[in-house]
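Observations on the model geometry
In case you want the letters, here they are:
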Amino acid sequence: MKKTKSNIEAKQSLNASLSRRSFMSKTALAAGAISIVPRHVLGKGFVAPSDKVNLGYIGLGKQSITLSNAFLANTDEAQIVAGSDVWTTKNEWFKAHVNKLYADKRNQKEYNGLTVTSNYLEILDRDDIDAVIVATPDHWHAIQAIGAMEAGKHVYCEKPLTLKIQEGIDMVKTVSKTGKVLQTGSMQRSWTTFQKATEMVRNGHLGDIKKVLVNVGDPAIPFNMKSEPIPSQVDWNQWCGPAPMLPYNERLSPSESAAFFPDWRLFSETGGGILTDWGAHMFDIAQWGLGMDRSGPVKFVPPTDKNAVRGMQMFYENGIEMVHEDFGRGWGVRFIGTKGNLDISRSYLETDPPSILKSQVTDKDDLKSRGNHYQNWIDAIKNDTPLISDVEIGHRSATVGNICNIGYQLGRTLEWDPKKEKFIGDSEANKMKSRKSRKY
């Protein structure tokens, strides 16, 4: 991912004038950082079991509020000390929210331990920050996650892990190279209903699985919104970053006061459509249930109607078929076996016949609960324990959705080699594994 590295290095050189010593002395005092063991002595990213993990947030939209609440509620072993967004108002919004959370938790009148910046590289430059949460739009994930790991930080990255297949390949390589801990934000794997459903499928309660239906949203489309005036509170060039310089539209990137979620997910320049947005959850559960966390389908067959937004057929090497299909129950997964079917979503877990659901489930080691998604990541950082959704899992689940997008766009059958992570005999499809990054 040479473009990614060159962008990171270019940005770092532009910011070389920052005085690390001056910056650190100010931010560490402001954040009230807890660092009993000097981390610079033990190496960046080292966290002793007795220490709190100091967190920096990159991307301060609606999901950052959800994640700050989640980390505060689910672990006492992490502390949020910094945040960064290209919206100045989102920086202040996040700062006020987190400071209030800590003030309430500690029964203090006020708390002022959080610092914010419009330049996420300042987060990566801080020696007192052990790990970062990447909650930016999809087109930024790989650059920021890879940059964080190369700067010695552990990473919690929102799903889908990447916008392009090659980005995921590079993220897997970076984890291996740096030894950092990356958790994918596919938190459904930590929910008991999804764990039970997967256990039932993997332990043969449905018999042999023949087919899986996955209902998620539409593929990505090119950006098509009208241009609106750019708000003074946002650095729009930096928001677009490696993506093309798109016209601003409120639906694409709303202010923090907007009542709706942003639509950057819909467009191929910044997201993978709801196909990957929810596919990173539901294809992920299908992959888990089928035992394909380190692999994926070998053939993708799009519908004959080139305007169709459902109907992609996917075939695994063992013959199991998976279809992107609306089976009438909202976003969810249906496993179809020789002894019965199982439907699973966030609002239901049902089997046909119903008696299957009452059968005794025997845990397999790789399916046993490892606690909540957030504490699990902290435990892995401090104690080198297994992750619920590591970088390879997140990458492989994202790859399914990314290949579907390519298949819908090209309108032809694609042969995929999960081991080499290449399309067989299709140079055009292989070029679509990556993207050209804009200079920003």
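I will try to describe carefully the structure that is included in this document. On a predicted model such as this, the values are computed, not experimentally measured, just so you know. (Residues numbered from 1 in each chain as written. Predicted model: local features only at pLDDT ≥ 70, side-chain atom pairs only at ≥ 80, totals over all residues. Heavy atoms only, no water.)

**Quick word on the overall build of the protein chain**
Rules: Under the DSSP-based scheme used, a helix requires at least four consecutive residues in state H or I and a strand at least two consecutive residues in state E, with every element numbered from the N terminus. Only protein chains enter the accessibility calculation, which uses a 1.4 Å probe; a residue is then buried when its area is under 20% of its type maximum, exposed when over 50%, and partly exposed in between. The criterion used for residue contact is that any of the two residues' heavy atoms lie within 4.5 Å. Per-residue accessibility takes into account occlusion by the displayed protein chains alone, with areas from the Shrake-Rupley method and a 1.4 Å probe.
Along its length, the protein chain carries 14 helices and 15 strands. The proportion of buried residues among the 440 residues of the protein chain is 57%. Here the contacts in the protein chain between residues at least 6 apart in sequence split such that 72% fall between residues at least 24 apart. Put simply, the protein chain shows about 18,400 Å² of open surface, and 52% of that area lies on carbon and sulfur atoms.

**With respect to the pairing of strand β10 (residues 321-324)**
In the case of a regular strand, side chains alternate between the two sheet surfaces. Heads up, the rule is: Strands were regarded as paired on the criterion that DSSP finds at least two bridges between them.
Burial along β10 is two-sided: Glu321 and Val323 and Met322 and His324, pointing in opposite directions, are all buried. Looking at chain direction, strand β7 (residues 209-215) and β10 are connected through four bridges and run parallel. Bridge assignment links leucine 213 to a residue of β10, and that residue is valine 323. The pairing of strand β9 (residues 313-315) with β10 spans three bridges and is classified as antiparallel. Its bridge partner being in β10, phenylalanine 315 is matched across the sheet by glutamate 321.

**Quick notes on the packing of aromatic side chains**
Given two aromatic rings, one states the distance between the centres and the angle between the planes to describe the pair. Worth spelling out the cut-off: Note on aromatic pairs: the rings of Phe, Tyr and Trp (six-membered ring only in Trp) are paired at centre separations within 6.5 Å, and the planes decide the class, stacked below 30 degrees, edge-to-face beyond 60, tilted for the rest. Here, a charge over a ring means that NZ of Lys or CZ of Arg falls within 6 Å of the ring centre while also lying within 35 degrees of the ring normal.
With the rule as written, the count across this model stands at 14 aromatic pairs. Geometrically, the ring pair formed by phenylalanine 71 and tyrosine 374 is edge-to-face, given 5.1 Å between the ring centres and 65° between the ring planes. Of this pair, phenylalanine 71 sits in helix α4 (residues 62-74) while tyrosine 374 sits in helix α12 (residues 373-383); the two residues are 303 residues apart in sequence, bridging distant segments of the chain. Take phenylalanine 71 and tyrosine 374: they sit in the same class, and that class is buried. The interplanar angle of 75° and the centroid separation of 5.1 Å between the aromatic rings of phenylalanine 223 and phenylalanine 267 together place this pair among those described as edge-to-face. Of this pair, phenylalanine 223 sits in the loop between β7 and α10 (236-240) while phenylalanine 267 sits in the loop between α10 and α11 (273-289); the two residues are 44 residues apart in sequence, bridging distant segments of the chain. Neither phenylalanine 223 nor phenylalanine 267 differs from the other in exposure class; each is buried. Following the ring pairs from residue to residue traces out a cluster consisting of Phe71, Tyr156, Tyr374 and Trp377. When the ring centre of phenylalanine 260 is taken as reference, the NZ or CZ atom of arginine 251 above it lies at 3.9 Å.

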